[in-house]
Structures are given as C-alpha cells and as structure tokens.
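Notes for the structure review
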Amino acid sequence: MTLSPELPGPYPARRVALAAAGVVGGFLAAGGCVAQETADSAAGGITAVEGLALGHFTLDERPTGCTVVLAEDGAVAGVDVRGGAPGTREIALLDPVNSVQEAHAIVLSGGSAFGLDAASGVVRYLEERGIGYRAGDHVVPIVAGAILFDLGIGGGSVRPGPECGYEAARAANAAPPAEGSVGAGAGATVGKLRGRGRAMKGGIGTASITLEDGLTVAAAVAVNAVGDVVDPATGEIVAGVRTEDGTGFADARALLRQGEVPPPGDDASVENTTIGVVATNATLTKAEITKVAQMAHDGLARAVYPAHTPSDGDTLFGLATGRHRDEGGLSRIGALAADMVAEAILRAVRAATGLPGLPSVADLASSGN
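Report on the accompanying structure.

Criteria and thresholds
- Residues numbered from 1 in each chain as written.
- Predicted model: local features only at pLDDT ≥ 70, side-chain atom pairs only at ≥ 80, totals over all residues.
- Heavy atoms only, no water.
- Axes fitted to C-alpha atoms, helices over the stretch in contact; angles between N-to-C directions.
- Helix = DSSP H or I, 4+ residues; strand = E, 2+ residues; numbered from the N terminus.
- Parallel < 35°, antiparallel > 145°, perpendicular 65-115°, else oblique.
- Left-handed = near helix turned anticlockwise from the far one by under 90°.
- Contact = heavy atoms within 4.5 Å.
- Salt bridge = Lys/Arg side-chain N within 4 Å of Asp/Glu carboxyl O.
- Buried < 20%, exposed > 50% of the residue type's maximum accessible area, 1.4 Å probe, protein only.
- Lys, Arg positive; Asp, Glu negative; His and termini not counted.
- Polar contact = N/O pair within 3.5 Å; in protein donor to acceptor, adjacent residues only side chain to side chain.
- Core = buried A, V, L, I, M, F, W, Y, C linked by side-chain atoms within 4.5 Å.
- Pairing = 2+ DSSP bridges.

Across the interface, helix H2 (residues 118-128) lies against helix H3 (residues 162-171) with an axial gap of 6 Å and an inter-helix angle of 50°. On the basis of the axis angle, H2 is oblique to H3. By crossing handedness, the relation of H2 to H3 is classed as right-handed. Between H2 and H3, the residues in contact are Ala118, Ser120, Gly121, Val122, Arg124, Tyr125 and Glu128 and Pro162, Glu163, Gly165, Tyr166, Ala169 and Arg170, respectively.

Structure below.
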C-alpha cells in the first residue's frame, strides 16, 4: 500500500468523496492513504482538552480508516463496553483493579477485527519517540482501541492496518478535528434496520464544553449504528432507516414495535457499532474516569435508537489529563460527558459525505426532505 502526501485542511475529506464516487464501477485499484489534520468545525472538540491531540487517516481504495486520540504525557484511562459484540484491544488493563494507570493513545478504527492492527502502528510511533510505560530500560506505549464493522462498503479486503495507525498518529495535533466521512467514520453507516439499501451515511464527530471554572469535558464518536440517530432535544430523527422510496425516515422506533427485522440474507444486523472517547482535563482516579465512561453511554442511548444491542460493539473510553482540579464533583463530569457524546453523534452524521446508495443528511435535505 502506498502512502499519499499529508494534506492539511478539508481537502482529504473531498478526496474521499471523489474516490467514493467510483463505487459503482469499483474502487480505486491503486492508491493509498491520506492523512486528515484539520477541517471546518466548531472550535475545540476533543482537542479542547489540554494534553490531547487527534489525527485521522483515511484509505483511498475504499471508504475506511482510523482515528487516533493521543495523550503523549499520559492520561488516566478507563472504558465501558455496552454492546454485545465488541471488538477491542487492551481493555483489560484499563480495569480499575489492574496496575497500569495511564494510556498514551486510544485508536478507533474501521475494518472490523482486522482494523485492530492499526493500533500496532500507533505503538510504533510512540515507541520511536520514547513515549510509554517505563519498564526497566524499556518503554511500552499503552494503546487501547475498538473497531467498527464497515467491510461491506466497497470491498472488505481493504482495511486499516499498522501504517494507517502510524500515519494517523503522525497527523495528530490539537487543532479542531475534521468530522464526518474521515478516519474511523469514513465507512460508517446508520439506519440499517431494513437492510443496507435503505441506510444512510454515518461518520465521526467531536464536541466539547468548557465551563467558567476551567473544567473541560469532550467526546469524539464514530457512529455506525444499525438504527436511527435522534436529536435528544427534539426527538426528531436526524439520520436513519429510510422509507421505501428513499426520501424520508421510516422511524426505527415504529419499525421495532411493528416487529420489523432486516430482510432475509441481509447482514446489516451485524454492521453496527458506536465507539468513541470521552475526555476531561479534571484530575480523576482510574475508577472515576471509568464511571465517567459509564455515564457517557447515556448520551449514546439518547441519540442512537436502538443502542447497546446484542450484535453491536458500543464502547466508550475515558481519558482524564489531570490539568484541572474540579470542585463540582464526578456527577457533573459524567453528565456533561453524556451531553458531549450525544452532540458528537449528531455532528458525525450532519458532517458526513454521502456515497452512492448511501445518502448523507445533507443529501436528504437538498432533495427537499
């Protein structure tokens, strides 16, 4: 696999869209990867948390890629897994009862289980820079990760690997991150409850809030849900299962109450997972940031319907950089984390770029719906 030069700004997202336009006739036979660094987005996102950087890497051959959240100085880390079919790396060491307290990176990747290889490239990147857990004369980077299933978009033989992870880490910085159809969100889809033919494009989004006392809470989420994305503030469907004519929403809530299931032989029921990272600058213990990750799942459940099903891998990691002494209590941080997860999910689908047969939110809006 060859690598394309690093290109700043929103251009890489356009390049992914152009590559995807060839989906009907087959994806690019030759190409490589493109690193995303920044794009137009609301100021902040997860990189508003001091000490964190984010980088995307998107493959050219088909829409897939990986996203890396770096904490080069280390961050107290936890995780909470709610999906029934997760694909993860190194989550056992994040259990509060285990010894290692900090992680140096979290990797979100497409490619199903194959995409877990992307984390190896991040480990190499950090080792080259002497970043990691000190074990005698050795430095061992602590890199955890989770994957989503996007193998059905353009051919499953192309998936993120170690070079994807390495280049995503190399592209990482503290600028407002790119969102939508980049990195781990490149091949993400939503609304598959009636099969892929009535689905829409998912993506990756990020959101943050900084309070007057200096507390910052943020999230970055890759959205590959089987059902609908719903705005918690209004209850309205933002993206999801389309009607038979493709112009509106069928409403996953109504479909499930009517006993609807994916068409026979359609594998869309296994192509769903929402994975992400919640982060704060607060000073927390490993048990406390794990509780924040647990509470953050409330935001996922508010914005995705259905969520936490037996066939998905819903997983949220937590990072606490310890740059701020919070006096407001753990409940405040966890509640804000849930809010940021919900907002990041909405931003993910609203920023996505459609593919042939997989319209985006913007595509449906432009068609008058």
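Picking up where we left off.
Attention now moves to the pattern of salt bridges. For the structure on display, the rule yields 14 salt bridges. Notably, a salt bridge pairs Asp150 with Arg62, separated by 3.2 Å at the nearest N-O pair. Pair noted here: Asp150 is in the loop between strand E8 (143-147) and H3 and Arg62 is in the loop between strand E2 (53-59) and strand E3 (65-81), with a separation of 88 residues, a long-range link. The exposure class assigned to Arg62 is buried, which follows from its relative accessible area of 1%. Close ionic contact of Asp251 with Arg253 constitutes a salt bridge, the shortest N to O distance being 3.1 Å. What you see here is one network of salt bridges that share partners, running through Arg124, Glu128, Arg129 and Glu163.

A few words on the side chain of Lys201. Along the chain, Lys201 turns up in strand E10 (residues 200-201). Among buried charged residues, Lys201 stands out as having no salt bridge; its nearest opposite-charge side chain is Asp150, 8.0 Å away. A distance of 2.9 Å separates a polar side-chain atom of Lys201 from the backbone oxygen of Gly185. A distance of 2.9 Å separates a polar atom in the side chain of Lys201 from the backbone oxygen of Ala186.

Once that is clear, we can look at the nonpolar core. A general trend in soluble globular proteins is that nonpolar side chains are found buried together. Counting residues in each nonpolar core, the largest one holds 37 residues, and the members touching the most others are Val190, Val223, Val229, Val341 and Ile345. For this core, the elements supplying multiple residues, two or more each, are strand E12 (216-224), strand E14 (237-239), strand E15 (273-282), helix H5 (286-303), strand E17 (315-324), helix H6 (330-350) and helix H7 (361-366). Examining the composition of this core, we find that 11 residues originate from one element, H6, more than from any other. Excluding residues that lie within four positions of it along the chain, Val223 makes contacts with Ala188, Thr189, Val190, Gly202, Gly203, Val229, Thr273, Thr274, Ile345 and Ala348. If you look at the next biggest cluster of nonpolar residues, it comprises 31 residues, including Val69, Ala75, Leu93 and Val277.

So, on to the pairing of E3. For E3, the buried fraction is high: 14 of the 17 residues fall into the buried class. Alignment of E3 against strand E5 (residues 102-109), held across seven bridges, turns out to be antiparallel. The residue bridging Cys66 from the neighbouring strand is Ser109, located in E5. Pairing analysis gives six bridges linking E3 to E17, with the strands arranged antiparallel. Opposite Val79, over in E17, you have Phe317 as the bridge partner.

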